[in-house]
Amino acid sequence: MVGSLVATAFWAMLPAYVPNNAAVLAGGGRPIDGGRTWGGRRVLGDGKTWRGTAVGTLIGVLLAVGLNAINDPVSTALGVTLPTFPLHAAVALAFGAMLGDILASFIKRRSGRERGASFPGLDQLDFVVVSLLLAFVVATDWFLATFTPGVLAVILIITPILHVGTNIIAYKIGVKNEPW
Ligand code: CTP
Ligand code: MG
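Reading the values: rules and limits
- Residues numbered from 1 in each chain as written.
- Chains lettered and ligands numbered in written order.
- Predicted model: local features only at pLDDT ≥ 70, side-chain atom pairs only at ≥ 80, totals over all residues.
- Heavy atoms only, no water.
- Near = heavy atom within 4 Å.
- Polar contact = N/O pair within 3.5 Å; in protein donor to acceptor, adjacent residues only side chain to side chain.
- Areas by Shrake-Rupley, 256 points an atom, 1.4 Å probe, with all protein chains shown as cover.
- 1 Å grid on protein atoms, 1.4 Å probe; cavity = no way out; pocket = protein on both sides within 12 Å on 5 of 7 lines; lining within 4 Å.
- Sits in = over half its atoms within 2 Å of the grid points.
- Helix = DSSP H or I, 4+ residues; strand = E, 2+ residues; numbered from the N terminus.
- Nonpolar A, V, L, I, M, F, W, Y, C, P; charged D, E, K, R; others polar.
- Phe/Tyr/Trp six-rings, centres within 6.5 Å; stacked < 30°, edge-to-face > 60°.
- Buried < 20%, exposed > 50% of the residue type's maximum accessible area, 1.4 Å probe, protein only.
- Lys NZ or Arg CZ within 6 Å of the ring centre and 35° of its normal.
- Core = buried A, V, L, I, M, F, W, Y, C linked by side-chain atoms within 4.5 Å.
- Contact = heavy atoms within 4.5 Å.
- Expected span 1.5 Å × (residues − 1).
- Bend = angle between axes of the 7 residues up to and from the residue.
- Patch = residues over 30% accessible without salt bridge, like charges linked within 9 Å, V, L, I, M, F, W, Y side chains within 5 Å.
- Salt bridge = Lys/Arg side-chain N within 4 Å of Asp/Glu carboxyl O.
- Points joined across faces, edges and corners; volume = space filled by probe spheres on them.

A. Structural view of the site of ligand 1. Neighbouring residues of ligand 1: 18 residues in total, closest Lys48, Thr49, Ser105, Arg115 and Gly116. Threonine 53 places a side-chain nitrogen or oxygen 2.9 Å from a nitrogen atom of ligand 1. A distance of 3.0 Å separates an oxygen atom of ligand 1 from a polar side-chain atom of lysine 108. Contact with the protein chains removes 89% of the 570 Å² of surface that ligand 1 exposes when unbound. Of the pockets mapped on this structure, ligand 1 occupies the largest pocket. Looking at the shell around ligand 1, the elements that each hand over two or more residues are α1 (2-26), α2 (50-69) and α4 (87-110). Examining the composition of the shell around ligand 1, we find that five residues originate from one element, α4, more than from any other. Of the residues that constitute the shell around ligand 1, the class distribution is three nonpolar, eight polar and seven charged.

B. Summary view of the packing of aromatic side chains. The final tally for this structure, using the stated rule, is seven aromatic pairs. Relative to phenylalanine 106, the ring of tryptophan 38 lies with its centre 5.9 Å away and its plane at 20 degrees, an arrangement referred to as stacked. Placement of tryptophan 38 in strand β1 (residues 37-38) and of phenylalanine 106 in helix α4 is noted, with a sequence separation of 68 residues between them. On the basis of relative accessibility, which here comes to 52%, the residue tryptophan 38 falls in the exposed class. Seen in terms of ring centroids, phenylalanine 136 and phenylalanine 143 are 5.4 Å apart; in terms of plane orientation they differ by 75 degrees. Their pairing is edge-to-face. Here phenylalanine 136 falls in the partly exposed class, since its relative accessible area comes to 35%. Clustering of aromatic rings is evident, with ring pairs tying together Phe85, Phe136, Trp142, Phe143 and Phe147. Note that arginine 110 overlies the ring of phenylalanine 106, its terminal NZ or CZ placed 4.9 Å from the centroid. Positioned above the aromatic ring of phenylalanine 119, the side-chain terminus of arginine 113 is 3.8 Å from the ring centre.

C. Geometry of the nonpolar core. In this structure, Met13, Phe85, Leu93, Trp142, Phe147 and Ile155 are the most contacted members of the largest nonpolar core, which totals 31 residues. Of all the secondary-structure elements, those providing two or more residues to this core are α1, α2, α4, α5 (122-138), α6 (140-146) and α7 (149-172). For this core, the leading source of residues is α1, giving nine residues. Filtering out sequence-adjacent residues up to four positions away, phenylalanine 85 remains in contact with Trp11, Ala12, Pro15, Ala64, Leu67, Asn68, Ala90, Leu93 and Trp142.

D. Examining α1 more closely. Its 25 residues place the ends of α1 35 Å apart at the C-alpha level, agreeing with the 36 Å of an ideal helix rising 1.5 Å per residue. Roughly 50 degrees is the biggest bend found in α1, and it falls at leucine 14, with proline proline 15 one to four residues downstream. Of the residues one or two after α1, glycine 28 is the one with positive phi, at around 130 degrees.

E. Inspection of a nonpolar patch on the surface at higher detail. The grouping of Val24, Leu25, Ile169, Ile173 and Val175 at the surface amounts to a nonpolar patch, some 470 Å² of accessible area in total. With respect to the helices and strands, leucine 25 occurs in helix α1. Using a relative accessible area of 64% as the deciding quantity, one classes leucine 25 as exposed.

F. Just the layout of surface pockets, in detail. Empty space within the largest pocket amounts to approximately 930 Å³. Lining the largest pocket are 40 residues, and of these Asn20, Val24, Lys48, Asp101 and Lys176 lie nearest its centre. Only α1, α2, α4, α5 and α7 provide two or more residues apiece to the lining of the largest pocket. Ranked by residue count, the leading element in the lining of the largest pocket is α1, at eight residues.

Set out below in structure tokens:
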């Protein structure tokens, strides 16, 4: 029971989890805010680029397509009916994750935090909340069928753990500047 909730939560959120990590690898080039400032501080900062956002979203959507392709054998092996992703839901999850991270940077800059500063709580949940909200708006029926209260509860617990874990690994292997 709990095992199938965890499997469903992890599977359903993979297209939202991977984009931010892909953006770290793909980042660089023109910042989204074009260097503009607001109230003496950067609107978003150099850490939010067009390339990172586009590549992150694309990787998330391609991942969802890949997960759909292997859904049957994995569901059978686990004995769990894992969700499949309609294209609009995949785009919402992946782009929503990038958007949540961008909004978090906007909030960080307004609160005086420089690029790379940590904001405990916001850093770990920004992308999930916006990703889920966008999926709810764009693919309501699919969202309600997939993200049951139990699945949502598991997501709120496993996401910060996975986020902290992957960022520490990314920092240790040298692809990320800070361990958060
Ligand atoms: N990145 C990007 N575009 C995005 C998100 C991330 O290019 N939309 C890349 C950037 O190279 C960024 C790195 O991924 O430096 C790490 O992402 P993140 O930790 O979100 O950015 P920070 O540099 O820490 O900046 P911020 O304080 O705004 O979060
Ligand atoms: Mg950061």
